Amino acid sequence: MWTSQTQAQPQPQLQQQQQQSNLRTLGMTSAISTAVPKQIDYQRTAELQEVLKPYNVFETDEELNHRMEILSKLNSLVKEWIREVSVKRNMPLNLAEQVGGKIYTFGSYRLGVHHKGADIDALCVAPRHIDRSDYFTSFFELLKQQKEVTDLRAVEEAFVPVIKMNFDGIEIDMLFARLALKEIPDTMDLQDDCLLKNLDQKCVRSLNGCRVTDEILRLVPNIENFRLALRAIKLWAKKHGIYSNALGYLGGVSWAMLVARTCQLYPNAVAATLVHKFFLVFSQWKWPQPVLLKQPDTVNLGFPVWDPRVNVSDRYHLMPIITPAYPQQNSTFNVSISNRTIMQEEFKQGLAITEEIMVGKATWEKLFEPPNFFIKYRHFIVLLASSSSAEDQLEWVGLVESKVRHLIGNLERNIHITLAHVNPECFSQLEPEPDKFCTMWFIGLVFAKTENLNVDLTYDIQSFTDSVHRQAVQIKMLKDGMKIEARHVKRRQLHTYLSPSLLKKDKRNNVTPNITPLQPLNGDSPAVDGAPSNPVSRKRPSDTAAENPRKKVKTGEENLNQSDDLPSNSIVVHCGDDSSSAEDQGLNAGEERPLPPISSSPITAKETSSTLQEGFICT
């Protein structure tokens, strides 16, 4: 009882001790403020914690114990498997029982911010005589024999090979790494960089999750304040549709690093203050200057690291957030110009809302109100991925989703498109067809102000679908019934795809964002996938047709009537009076704009000194 009261309202002496303990500098710069919390800050934090509870972001002790039991069972299985493999390779039984092996966790569970029903990211670490092929054969077979295991599948050819399963009701994503050691003791600490010597790239990538997670926890001044603030930011990001690494937004580790950097800049702040300062800092951050939790380690083991001073492609990353463990990587290389624009606008809106909350003009519920994506735009691309079985659909959706960001890149390069906003939530058809499984994604489009012009997106769509099919054939995934198609849909046609409740106008959320148009980099077209841009790439065969003044102009009605007759990947959008245009978004498409600031330009060799720098302007 006394402990909880002390945590809720620390005494002045405890506050002084807190302040003194946090005087050491964490991060690339000194703190912006070391002010100790006021009574109102604790009150706002308590209110935040209460508001978060209905969203199931906290687990009960019983649920936490269940997870620990599952991990203990998995750890025992790993030790049993390694012992059996060792004996089969003629190792004496007494030695085989000592080689060990261990399960480590990382991600949201290791950070202590997982929500109810969340999956667990785990890593199986084995000694040097155990191969990855053993993991995907004999260990996979051992898992098959466990009655608690369902939905077991192996993705051996992935960038980071993984076994996925449901273990007693909890989803587990389990990686594998083999260390160049004779045995793996239970006390093994993965933070030692020397452990990476003589490892292959896949093992290093697998280890990176654990090493990054542990380093984040080491670099924040107060773990409990960090955790509560991160829970709030993750919930906000999910509610606002900007939580998805695969689709080009930020994933869990990236949000964690942004919150960790905020904690470093305000080391004595409680969670409510940290949430407010988070929006203050990153609404003013000078992207693409990187976010760094510490000066990158100068370890020379030959693995590639993110460094724009050396790697030209790294200079074209739009929103770099750099992992703190060697080998340092940009966790946000998937971010597109559209997605960065959307997130920057969300940061600004979050700042406005939290400023109201901190002065008592609004409650925390307002921060977590989801905007209505479907009333923001007048034109949409609907991407449909279908197959003939539930098992095939699981694989097919995973592949298509991993490629959607390439479609966004194609659309961004279209000279008539100002913004391409993909909704990370996927939907099922209103009326499912028998023996057909279908998943849909929606992409909102904003066009530059034009009159009586047809924008042909056929080339953009066709090149995307072709690349997906090529990948599916290459990895031998493509099966009969697997299809992908795209359709142009106007807002008034959405009722044929979505339930009325999703399309219902909400005055609180019916706010059209004041979005800045996509800015070219150094006068060129936007870079995609970290590659330098080519000005010529802005022109495609589809643009030539669209710009032909002799081309017959379709009216809105004609376009609507003909849309169903077009091939699935043939999309011609009529930009008339009802188009979502730059001016509709609060922009003046014809206005001459100044050259983009540093935040819209790639990092150049001249701008990088011998020490990597950050960039922010806040108070």
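Treat the numbers as computed from the prediction; the structure is a model and nothing was measured.

> Describe the packing of helix α10 (residues 252-265) against helix α11 (residues 271-283), with residues and values.
For the pair α10 and α11, interaxial distance at closest approach is 9 Å and the crossing angle is 100 degrees. It follows from the interaxial angle that α10 and α11 lie roughly perpendicular. Along its contact with α10, which presents Trp-255, Leu-258, Val-259, Arg-261, Thr-262, Cys-263 and Leu-265, the element α11 presents Leu-274, Lys-277, Phe-278, Val-281 and Phe-282. Partitioned by chemical class, the residues of the contact of α10 with α11 number nine nonpolar, one polar and two charged.

> Mind laying out helix α13 (residues 390-412), listing which residues take part and the relevant values?
Taking 1.5 Å per residue, 23 residues should reach 33 Å; α13 reaches 33 Å between its end C-alpha atoms and fits that length. Largest kink in α13: about 35 degrees, centred on Lys-403.

> Run through the packing of helix α9 (residues 223-239) against α11, naming residues and quoting values.
Two quantities define a packed helix pair, namely the angle between the axes and the distance from one axis to the other. As a packed pair, α9 and α11 sit with axes 8 Å apart at the nearest point and diverge in direction by 50 degrees. Considering their axes alone, α9 and α11 lie oblique with respect to each other. Note that α9 runs across α11; the crossing there is right-handed. Packed against α9, whose contacting residues are Asn-225, Phe-226, Leu-228, Ala-229, Ala-232, Ile-233 and Trp-236, the element α11 presents Ala-271, Leu-274, Val-275, Phe-278 and Phe-279 at the interface. Grouping the amino acids of the contact of α9 with α11 by side-chain chemistry returns eleven nonpolar, one polar and no charged.

> Could you give an account of the packing of aromatic side chains, with specific residues and numbers?
Scanning the entire structure with this criterion turns up 30 aromatic pairs. Considering the side-chain rings of Trp-236 and Phe-347, the 6.1 Å spacing of their centres and the 25 degrees angle between planes classify their relative orientation as stacked. Within this pair, whereas Trp-236 is found in helix α9, its partner Phe-347 is found in helix α12 (residues 337-358), the two being separated by 111 residues in sequence. An aromatic cluster is present here, built from Trp-236, Trp-255, Phe-278, Phe-279, Phe-282, Trp-285, Trp-287 and Phe-347 joined pairwise through their rings. Across the ring face of Phe-159, the terminal group of Arg-205 is positioned such that the distance to the ring centre comes to 3.7 Å. The positively charged end of Lys-238 is found above the aromatic ring belonging to Tyr-243, 4.8 Å away from the centroid.

> With reference to specific residues and values, describe the UniProt feature "binding site: ATP" (unreviewed entry) in the protein chain.
Within this structure's numbering, the places UniProt gives as "binding site: ATP" (unreviewed entry) are Phe-106, Gly-107, Ser-108, Asp-119, Ile-120, Asp-121, Asp-173, Lys-234, Tyr-243, Gly-252 and Val-253. Relative to the assigned elements, Tyr-243 resides in the loop between α9 and α10. When residues no more than four places from it in sequence are discounted, the contact partners of Tyr-243 are Lys-234, Ala-237, Lys-238, Tyr-249, Leu-250, Gly-251, Gly-252 and Trp-255. Structurally, the position occupied by Val-253 is in helix α10. When near neighbours in sequence (up to four residues on either side) are disregarded, Val-253 contacts Val-212, Ile-216 and Ser-331.

> Describe the pattern of salt bridges, listing the residues and the values that go with them.
In total, this model carries 23 salt bridges according to the counting rule given. As a salt-bridge pair, Glu-47 and Arg-44 come within 3.3 Å of each other at their nearest N and O atoms. Residue Glu-47 and its partner Arg-44 are both found in helix α3 (residues 39-52); the two are separated by three residues, about one turn of the helix. Overall, the relative accessible area of 31% leaves Glu-47 in the partly exposed class. Taking the relative accessible area as the measure of exposure, Arg-44 reaches 9% and is therefore buried. Notably, a salt bridge pairs Glu-224 with Arg-227, separated by 3.1 Å at the nearest N-O pair. Residue Glu-224 and its partner Arg-227 are both found in helix α9; the two are separated by three residues, about one turn of the helix. Taken together, the salt bridges that share partners define one network made up of Glu-215, Arg-218, Lys-294 and Asp-297.

> I'd like a description of α3, backed by residues and values.
In this model, α3 (14 residues) spans 20 Å end to end at C-alpha, consistent with the 20 Å of a helix rising 1.5 Å per residue. For α3, the complete set of buried residues consists of Asp-41, Tyr-42, Arg-44, Thr-45, Leu-48, Val-51 and Leu-52.

> Got a sec to walk through the pairing of strand β1 (residues 102-106)? Specific residues and values, please.
Extensive coverage of β1 is indicated by the burial of five of its five residues. The alternating pattern of β1 places Lys-102, Tyr-104 and Phe-106 and Ile-103 and Thr-105 on opposite faces, both of which are buried. Bridging between β1 and strand β2 (residues 120-126) involves five bridges; their strand directions are antiparallel. The residue of β2 that forms the bridge with Tyr-104 is Leu-123.

> A description of the nonpolar core should follow, citing residues and the corresponding values.
One broad rule of soluble globular proteins: the nonpolar side chains tend to lie buried together. Counting residues in each nonpolar core, the largest one holds 107 residues, and the members touching the most others are Phe-226, Trp-236 and Trp-255. Within the second largest apolar cluster, 30 residues are counted, among which are Trp-81, Ile-82, Ala-126 and Ile-163.

> Account for unusual backbone geometry, with residues named and values stated.
Here the bond from Trp-287 into Pro-288 is cis, since omega is 10 degrees, no more than 30 degrees from zero. Relative to the helices and strands, Pro-288 is located in the loop between α11 and β6 (291-292). For Asp-151, which is not a glycine, the phi torsion comes out positive at approximately 50 degrees. Note on placement: Asp-151 falls in strand β3 (residues 149-155). At Asp-435, a position not held by glycine, the phi torsion is positive, near 60 degrees.

Rules behind the numbers
- Residues numbered from 1 in each chain as written.
- Predicted model: local features only at pLDDT ≥ 70, side-chain atom pairs only at ≥ 80, totals over all residues.
- Heavy atoms only, no water.
- Axes fitted to C-alpha atoms, helices over the stretch in contact; angles between N-to-C directions.
- Helix = DSSP H or I, 4+ residues; strand = E, 2+ residues; numbered from the N terminus.
- Parallel < 35°, antiparallel > 145°, perpendicular 65-115°, else oblique.
- Contact = heavy atoms within 4.5 Å.
- Nonpolar A, V, L, I, M, F, W, Y, C, P; charged D, E, K, R; others polar.
- Expected span 1.5 Å × (residues − 1).
- Bend = angle between axes of the 7 residues up to and from the residue.
- Left-handed = near helix turned anticlockwise from the far one by under 90°.
- Phe/Tyr/Trp six-rings, centres within 6.5 Å; stacked < 30°, edge-to-face > 60°.
- Lys NZ or Arg CZ within 6 Å of the ring centre and 35° of its normal.
- UniProt positions renumbered as here; feature names shortened; annotations may be inferred.
- Salt bridge = Lys/Arg side-chain N within 4 Å of Asp/Glu carboxyl O.
- Buried < 20%, exposed > 50% of the residue type's maximum accessible area, 1.4 Å probe, protein only.
- Pairing = 2+ DSSP bridges.
- Core = buried A, V, L, I, M, F, W, Y, C linked by side-chain atoms within 4.5 Å.

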